[in-house]
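# Architecture at a glance
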Amino acid sequence: MSNEQSVADAKTHRAHSQDSSASRTEPAKHASIDISGLELTYGDGTEAVRSVHLTVGDGEFFGFLGPNGAGKTTVIKVLATLLSPTAGEVRVNGFDVRTEPRKIRESIGYMAQETSIDPELTAEENIRFACEAYGVPRGERDDRTAELLDLVDLEAVADKRSEEFSGGMKKRLDAATALVHRPPLVFLDEPTTGLDPKARNRLWEYFQRINEQGTTIFLTTQYLEEADTLCERLAVILDGGIVADGSPADLKRQVGGDVLDIELGDGPEARARAATLAREFDDFDIATVEETETGISVTAQAARQSGTDLLVALRDAGLTVLGFNVRAPTLDDVFLAITGERVDNDGGAAETEEST
Amino acid sequence: MFGNVAGGVVNQGLPGVDYTTFLVPAIAIQVALASAVTSGIGLVNDIENGMFEKVLVSPMNRTAVFVGKTLAEVFRIGLQIAIILGLGVLLGAEITTGVVGAVGIMAVGILFSFWFIAFSNMLAVLTRDQESTIIGANLLQFPLLFLSSAFLPLEVLPNWIQLVARINPVTYGVDAARAIMLDEDVMTVLEVTAFGGALDTIVPTVAVLVGLGFVFGTGVIYLLSRASSSDVR
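Residues numbered from 1 in each chain as written. Chains lettered and ligands numbered in written order. Predicted model: local features only at pLDDT ≥ 70, side-chain atom pairs only at ≥ 80, totals over all residues. Heavy atoms only, no water.

The next subject is the packing of aromatic side chains. Under the definition given, this model contains 14 aromatic pairs over all chains. Seen from their ring centres, W115 of chain B and F116 of chain B are 5.1 Å apart, and the 70° between their planes marks the pair as edge-to-face. Each member of the pair W115 of chain B and F116 of chain B is classed as buried. Note on W115 of chain B and F119 of chain B: the rings are 6.4 Å apart at their centroids and 40° apart in plane angle, and the pair reads as tilted. Highlighted residues: W115 of chain B and F119 of chain B, both in helix α5 (residues 98–127), separated by four residues, approximately one helical turn. When sorted by exposure, W115 of chain B lands in the same class as F119 of chain B, which is buried. Among the aromatic side chains, those forming a connected cluster through ring pairs are F112, W115, F116, F119 and F216 of chain B. One residue, R200 of chain A, lies across the ring of Y223 of chain A, its end atom 4.2 Å from the ring centre. Sitting over the ring of F22 of chain B, R178 of chain B keeps its end group 3.5 Å from the ring centre. (Phe/Tyr/Trp six-rings, centres within 6.5 Å; stacked < 30°, edge-to-face > 60°. Buried < 20%, exposed > 50% of the residue type's maximum accessible area, 1.4 Å probe, protein only. Helix = DSSP H or I, 4+ residues; strand = E, 2+ residues; numbered from the N terminus. Lys NZ or Arg CZ within 6 Å of the ring centre and 35° of its normal.)

Quick look at the structure:
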């Protein structure tokens, strides 16, 4: 799809930045991640991933979305060499996950879903430990540690034990420890889950900063808003397979038009009637109609132009319209269109706000 | 007071030995046992706070990581036994075999700790839960100590305790340390006379401890390599 485009974009990015990737041995054209036909079946027979094909270009900010249990973390664990694939070819930074796991480990940063820092160590000690684990040369450790503490704004608490830190601080520290060896590729598995909006924004800025410096980022998230803000390209995984791939704008276009949310006054019966009316409404060629908790939600190309006509039709049919809102589709709608289920969190903004 | 009562009993089994001297080797083994528990707890902590996985995604050599962790624990155990021996001597205990004996007791304590370090780490990998590991290891720790030759000579204890003591690794650890301490054949659970003197205790007990360490060590290496391998389960 837009893969080549984004690789090209990424290159432009890289041209502007002086960064560590100079030390890389592979040709510049190669993809950071190249997955073909990946399958992973757990011992109990659960097919967590079936036939995933995916390429992530150098320098891309890539988002990997899917409902809980769709296989996001399984894929990331395969890429980080924590799980061995049942079938398929997986190359990370040009290395095969089966035969060269150590080379991959040297060249990636991995931030797990659960915050992984040693609470008994200070912020600085945690980073130093990571420096040692990743074999950062002794002479560079001081500078690197100071630089990372500065990058994640923890220099003021460098000497404090990390068990006293807030959730956001711990996450930032965790992110810093994943970067000590200047990896050209970083995996972030739901990095902002459970953080307050302020802490989330700071992490976002920070991820954008390292991406601008040329680092490829592979992010999984449940927050569609996060994927929309950060990612150049997205893929959606559902039931172990990739069902959509493209830029956030591409995916939104696939939803097929704008969304008209209508709030109705009467009970579920009225909603069902309204939904039937909307489906049969002539002005919309192809419309997706969904019953929501408070009314109905209609997605159609002509939602903006003909929305008022539908409202009139509803009123004529004796239904009470309490409120309505026409909006561009969010990734939440994309998700709904693709997966058939809404993401159950505060990230998607699909509430009707205005009143008549 | 316990010393006075127990001292009398000890004299029935080992004439001329005061209770402090009798007890110090047992404390040394107790310290080794208690420290070995913390090894498993440390591993569970690492699993729970994600450091275990973090090590797995890092390019560090995994064998080196586990060997390093064990060496750190072994060093701590050696140091703790040295402190116990020092305190014991201050309180009037006598190490008949002198400094060489003291080093020997430290070595026995470390050798003894291997099986329990392995055991507590096995609990850690199997349960992946801090409470279960602590409960499991502690539940065992005290019966192991009391149902052994640690605090009183076996011949003054009931038959069933003698029976349990015979299959209890603590008995072998304590007897080895005590034989070095007193330079005497103190073991009653096995009758060995082939080597003469204290060696009649030391050789068989050390053999038992090496065997135990080997068996449990194999178990924990199997479990750890399974836990850290990327094979799908």
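A separate point is a negative patch on the surface. All names here are of chain A. Residues D282, D283, D285 and D309 make up a contiguous surface patch of negative charge. Mapped onto the secondary structure, D309 falls in helix α11 (residues 303–316). We classify D309 as partly exposed; its relative accessible area is 37%. (Patch = residues over 30% accessible without salt bridge, like charges linked within 9 Å, V, L, I, M, F, W, Y side chains within 5 Å. Areas by Shrake-Rupley, 256 points an atom, 1.4 Å probe, with all protein chains shown as cover. Salt bridge = Lys/Arg side-chain N within 4 Å of Asp/Glu carboxyl O. Lys, Arg positive; Asp, Glu negative; His and termini not counted. Charge placed at Lys NZ, Arg CZ, Asp CG, Glu CD.)

The subject of this paragraph is a nonpolar patch on the surface. On the surface, F75, L79, I83, L87, L90 and L91 of chain B cluster together into a nonpolar patch covering about 710 Å² of accessible area. Within the secondary structure layout, I83 of chain B lies in helix α4 (residues 62–90).

Residues and elements named next belong to chain A. The pairing of strand β9 (residues 233–238) with strand β10 (residues 241–246) spans five bridges and is classified as antiparallel. Bridge pairing in β10 places L234 opposite G246. Here β9 folds back onto β10 in antiparallel fashion, the turn holding two residues, of which D239 has a positive phi close to 50°. (Pairing = 2+ DSSP bridges.)

This brings us to the sheet that holds β9 of chain A. Residues and elements named next belong to chain A. Strand order in the open sheet formed by six strands is β6-β7-β8-β3-β9-β10, with mixed pairing between adjacent strands. Each edge of the open sheet is held by one strand with a lone partner, namely β6 (108–111) and β10. Here the strands of the sheet are splayed against their neighbours by 15° on average, with no regard to which way each runs. The sheet contact formed by β6 and strand β7 (residues 185–189) spans four bridges and is parallel. For I108, the partnering residue across the bridge sits in β7 and is L185. Helix α12 (residues 331–339) contacts β3 (61–65), β9 and β10 of the sheet and is inclined by roughly 35° relative to β9. (Axes fitted to C-alpha atoms, helices over the stretch in contact; angles between N-to-C directions. Contact = heavy atoms within 4.5 Å.)

Moving on to the packing of helix α2 (residues 19–48) of chain B against α4 of chain B. Residue and element names in this part refer to chain B. Closest axis-to-axis distance for the α2/α4 pair is 9 Å, and the angle between their directions is 155°. Taken together, the axis directions place α2 and α4 in an arrangement best described as roughly antiparallel. Viewed along their axes, α2 and α4 form a crossing whose handedness is right-handed. (Parallel < 35°, antiparallel > 145°, perpendicular 65-115°, else oblique. Left-handed = near helix turned anticlockwise from the far one by under 90°.)

Looking now at the interface of chain A and chain B. Facing the 25 residues of chain A at the interface are 17 residues of chain B. Where chain A packs against chain B, one counts two salt bridges. Ionic pairing is found between K54 of chain B and D174 of chain A, a salt bridge with its closest N-O pair at 2.9 Å. At the junction of chain A with chain B, the criterion picks out eight residue pairs in polar contact (both at pLDDT 80 or more). Among the secondary structure elements, those contributing two or more residues to the side of chain A that touches chain B are β1 (33–41), α3 (101–107), α4 (123–133) and α6 (167–177) of chain A. Looking at which element gives the most residues to the side of chain A that touches chain B, the answer is α3 of chain A, with three residues. (Polar contact = N/O pair within 3.5 Å; in protein donor to acceptor, adjacent residues only side chain to side chain.)

This part covers the pattern of salt bridges. Should the charged atoms of two oppositely charged side chains come close, the side chains can pair. Residues and elements named next belong to chain A. The full count for this structure, using the stated rule, is 19 salt bridges over all chains. Residue R128 pairs with E124 through a salt bridge whose shortest N-O separation is 3.2 Å. Highlighted residues: R128 and E124, both in helix α4, separated by four residues, approximately one helical turn. Notably, a salt bridge pairs R327 with D261, separated by 2.8 Å at the nearest N-O pair. Here the residue R327 occupies a position in strand β14 (residues 321–327), and D261 occupies one in strand β11 (residues 258–264), the gap between them amounting to 66 residues. The structure contains a network of salt bridges with shared partners spanning E60, R233 and D245.

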